[in-house]
Amino acid sequence: MIILDKDTKAIVQGITGKHGRFHTKNMLEYGTNVVAGTSPGKAGQNVEGVPVYNSIEEIKQYEPDVDTSIIFIPAPFVKDASFEAISQLDTVIIITEHIPIHDSMEIMEYAKKHNTTVIGPNTPGIITPEVGKLGIMPTNIFKKGNVGLVSRSGTLTYEVASEITNAGLGQSTCLGIGGDPVTGISFIDTLKKFEEDPETDQIVLLGEIGGIAEVKAAEYAEKHLTKPIVSFIAGVSAPLGKRMGHAGAIIEGTDGTAQNKKHLLAEHGVNVADKPSDIVKLLKELQ
């Protein structure tokens, strides 16, 4: 497992909102150690038995060991909430989508200065099966195992995780890096963590059209990783120059096309699946 383990003590920023309430309940039911939440002006309330405070600074007076935050706050206010969390915690997970790119750039620069891990924005979050989840993913499709999964796509993560579970394999940790052009933790950052994780034996990397992040990850893996990687790139039929789904998925020239990425990944020693259903077959062949 990586990032999220049994020692993680988490808070929810925006806990009294519709999404904050709903997902706090689900995270608690899965066993996640959510110890507090923030909602300015609503201190003294509680959500699913979790106490609500005005700020993280207040929480730290009662729970000094909190180390992780998950943010369910509307996009215009995420920058301020992120800065508050980054300055005081080790890990910040930003679920919110449609955050202005300039805000995201400032958030990531601030996180670098504080050596804080940011997951997202526009991410389904992270789950360590049988330990906890900080995110919005359905828990029933995950099962404890030794496959580490990292993805740019939320729905594709669910599809592949479900197939891995149904094949009897299971996952060590599943993490969505986020689908926006500017995100925190990268494919390379995650591969480093999986390589060092004794509970991860194989890695699945789910990419899509747009950018060159997957290719950079493959170049890094060829030089530094010993664990086998299986990859799938979504968007084979996507037309050039058309944005597909979100701002991170846009092709310019040939660099970001699915076919070009598949070719380059294979050149760097990554096992590339032609369709999601081939991933499990490749994982079993590599065992």
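Relevant structure appears above.
Everything in this summary refers to the structure shown in the same document. Since this is a predicted model, take the numbers as computed values, not measurements.

1. Focus: the sheet that holds strand 12 (residues 202-208)
An order of 9-8-11-10-12-13-14 is seen for the seven strands of this open sheet, with the pairing classed as mixed. Because the sheet does not close on itself, it has two edges, and the strands there are strand 9 (132-135) and strand 14 (271-272). Examined bridge by bridge, strand 12 and strand 13 (residues 229-234) share six bridges and lie parallel to one another. Bridging from a neighbouring strand, L206 pairs with F232 of strand 13.

2. Digging into the packing of helix 7 (residues 213-224) against helix 8 (residues 258-267)
Interhelical geometry of helix 7 versus helix 8 gives an angle of 5° and a closest axis separation of 9 Å. On the basis of their axis angle, the class for helix 7 and helix 8 is roughly parallel. Facing E214, V215, A218 and E222 of helix 7, the residues of helix 8 in contact are K261, L264, L265 and E267. Here the contact of helix 7 with helix 8 is built from residues that sort into four nonpolar, no polar and four charged.

3. Comments concerning the nonpolar core
Inside soluble globular proteins, nonpolar side chains tend to come together where they are buried. Ranked by internal contacts, the top residues of the largest apolar core, which has 38 residues, are I70, L134, L175, L191 and I229. Taken together, the elements giving at least two residues each to this core come down to strand 1 (10-13), strand 4 (50-53), helix 6 (187-196), strand 12, helix 7, strand 13 and helix 8. When residues in this core are grouped by element, the largest group, five residues, is from helix 7. Among residues more than four places away in sequence, those in contact with I229 are L191, I203, L205, A221, V270 and N271.

Each value, and the rule that gives it
Residues numbered from 1 in each chain as written. Predicted model: local features only at pLDDT ≥ 70, side-chain atom pairs only at ≥ 80, totals over all residues. Heavy atoms only, no water. Pairing = 2+ DSSP bridges. Helix = DSSP H or I, 4+ residues; strand = E, 2+ residues; numbered from the N terminus. Axes fitted to C-alpha atoms, helices over the stretch in contact; angles between N-to-C directions. Parallel < 35°, antiparallel > 145°, perpendicular 65-115°, else oblique. Contact = heavy atoms within 4.5 Å. Nonpolar A, V, L, I, M, F, W, Y, C, P; charged D, E, K, R; others polar. Core = buried A, V, L, I, M, F, W, Y, C linked by side-chain atoms within 4.5 Å. Buried < 20%, exposed > 50% of the residue type's maximum accessible area, 1.4 Å probe, protein only.

Keep in mind these values describe shape, not function.
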